[in-house]
Amino acid sequence: MKYATLISVIALVVLVACSTGDEPNGSDTFTDAIVFGCGTQETEKVSTRAATPQNDVGIGSFRVWAYKNDGVGTTEDNFTSYQTVINGYRVWWETALSTSNKKYWEYVDGTSQTIKFWDPSAHAYRFMAIAPSTAVYAASISGDTDQSLNIRMPIDATNEADVPYYSKLWFSTGNIVDFPDKPFNSVVLMKFLKPIAYVRFMFTYDIHEDEEPPILSNKSFKPTDGGLIEQKGDVTISYPLTGTGNSQTLSVATTGLDGVTAFTQDYYVTPADAHACTYYTVLPAINQGSYTLKVSVNGEPKSLVVPEQYMDWLPGYEYTYVFEVRLDGSVAIDNVQSAFTGWVIHEGNRTVYNW
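Not measured: the values here are computed from a predicted model. (Residues numbered from 1 in each chain as written. Predicted model: local features only at pLDDT ≥ 70, side-chain atom pairs only at ≥ 80, totals over all residues. Heavy atoms only, no water.)

**Q** Explanation requested: the overall build of the chain in the structure shown.
**A** The secondary structure content of the chain amounts to 0 helices and 25 strands. With 355 residues in all, the chain has 47% of them scored as buried. Across the chain, every contact between residues at least 6 apart in sequence was considered, and the portion connecting residues at least 24 apart equals 70%. Of the roughly 17200 Å² that the chain leaves accessible, carbon and sulfur atoms contribute 47%. (Helix = DSSP H or I, 4+ residues; strand = E, 2+ residues; numbered from the N terminus. Buried < 20%, exposed > 50% of the residue type's maximum accessible area, 1.4 Å probe, protein only. Contact = heavy atoms within 4.5 Å. Areas by Shrake-Rupley, 256 points an atom, 1.4 Å probe, with all protein chains shown as cover.)

**Q** Help me out: how do you make sense of the nonpolar core in this one?
**A** Counting 27 residues, the largest nonpolar core has Phe-203, Phe-221, Phe-263, Leu-293, Trp-313, Tyr-321 and Phe-323 as the members making the most contacts within it. Broken down by secondary-structure element, the contributors of at least two residues to this core are strand E12 (197-205), strand E13 (216-223), strand E19 (280-282), strand E20 (291-297), strand E21 (300-306) and strand E22 (318-325). For this core, the element with the highest residue contribution is E12, accounting for 5 residues. Once residues within four sequence positions are removed from consideration, Leu-293 is found in contact with Phe-201, Phe-203, Ser-220, Phe-221, Lys-302, Ser-303, Leu-304, Phe-323 and Val-331. (Core = buried A, V, L, I, M, F, W, Y, C linked by side-chain atoms within 4.5 Å.)

**Q** For this particular structure, what's the right way to read the environment of Met-311?
**A** Relative to the helices and strands, Met-311 is located in the loop between E21 and E22. The spatial distance from the C-alpha of Met-311 to the C-alpha of Tyr-321 is 9.9 Å, given a sequence separation of 10 residues.

**Q** How do you make sense of the sheet that holds E13 when you look at a structure like this?
**A** Backbone-to-backbone hydrogen bonds join strands into a sheet, with any given pair of strands oriented parallel or antiparallel. Here 3 strands make up an open sheet; going across it, the order is E13-E20-E21 and the pairing antiparallel. The open sheet has two free edges, formed respectively by E13 and E21, since each of these has just one partner strand. Going from strand to strand, the sheet's axes swing by 15° on average, the running direction of each strand aside. As defined by bridge partners, E20 adjoins E21 across 7 bridges and the pair is classed as antiparallel. Counterpart to Tyr-291 in the pairing with E21 is Val-306. (Pairing = 2+ DSSP bridges. Axes fitted to C-alpha atoms, helices over the stretch in contact; angles between N-to-C directions.)

Set out below in structure tokens:
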């Protein structure tokens, strides 16, 4: 498919370690530098002077935040008293000084971005990031009782190449039983995806092989209420900094002026062309209402409504709506193929709809 290589897992590597004399303030408590690692391949900490994985994901930088919880509330797992560890550090891919290691990830930048170390007395750690570091964003802390880091980014889904990535929340209490893959002092694995979804609609024919397929015209798939299909707006990713939340949430604000009135480019599915279909790129949409399909079959107008419970679009997923044109000329919702993601490691296919 068009997006098969573009929509790939983005798991970036930041390699940071201490050289001689880098012990923080002479303490033997904070001896392990915070190190970022690569998805399924990087399992151990690596020095900046060691051989590093190649940067083949097409991203040259990202910006990362980190927080730790120094206290707990009335229950043992209600994490409180957050402190900023890394405040939007820029991480970049650059040429190293040695000839044996020509490129590496780095975040140390004079006194403004220094090496950070794990605090073994912390009750919880949280990491989050956006890529590239040059992405236009506004970060804020909000709420007195429900603290969160909110990162707002303007998104134009029609220009997919410039849509920034955001990461899943890396959260751990350091407990190797509850978080066996996320102990303190381990590599922090950042997983990225884009805050957009992919949608298309198709027709398949219920006819005999020796029959000519009917002629379809005037096709459209659009919101029943006449609203726009949003492609531009502000996406805000919210990361909890206290409490027990261990995942990010996403919200979308649009102007109501930037979008398309309807999907009009469909595809007839045959074994030869089923995998050659492209998608519309849209903003994520939850509880957006029903959609109406309109099509003329051999000149006769047909209409069909897809209920709103089937119209949620999550970021990072592709959605295919398949409509069957039957022998009598009627149009039916035969099935909706699996919506799936190729952006997140180990999650595999995810069936969303089943008529």
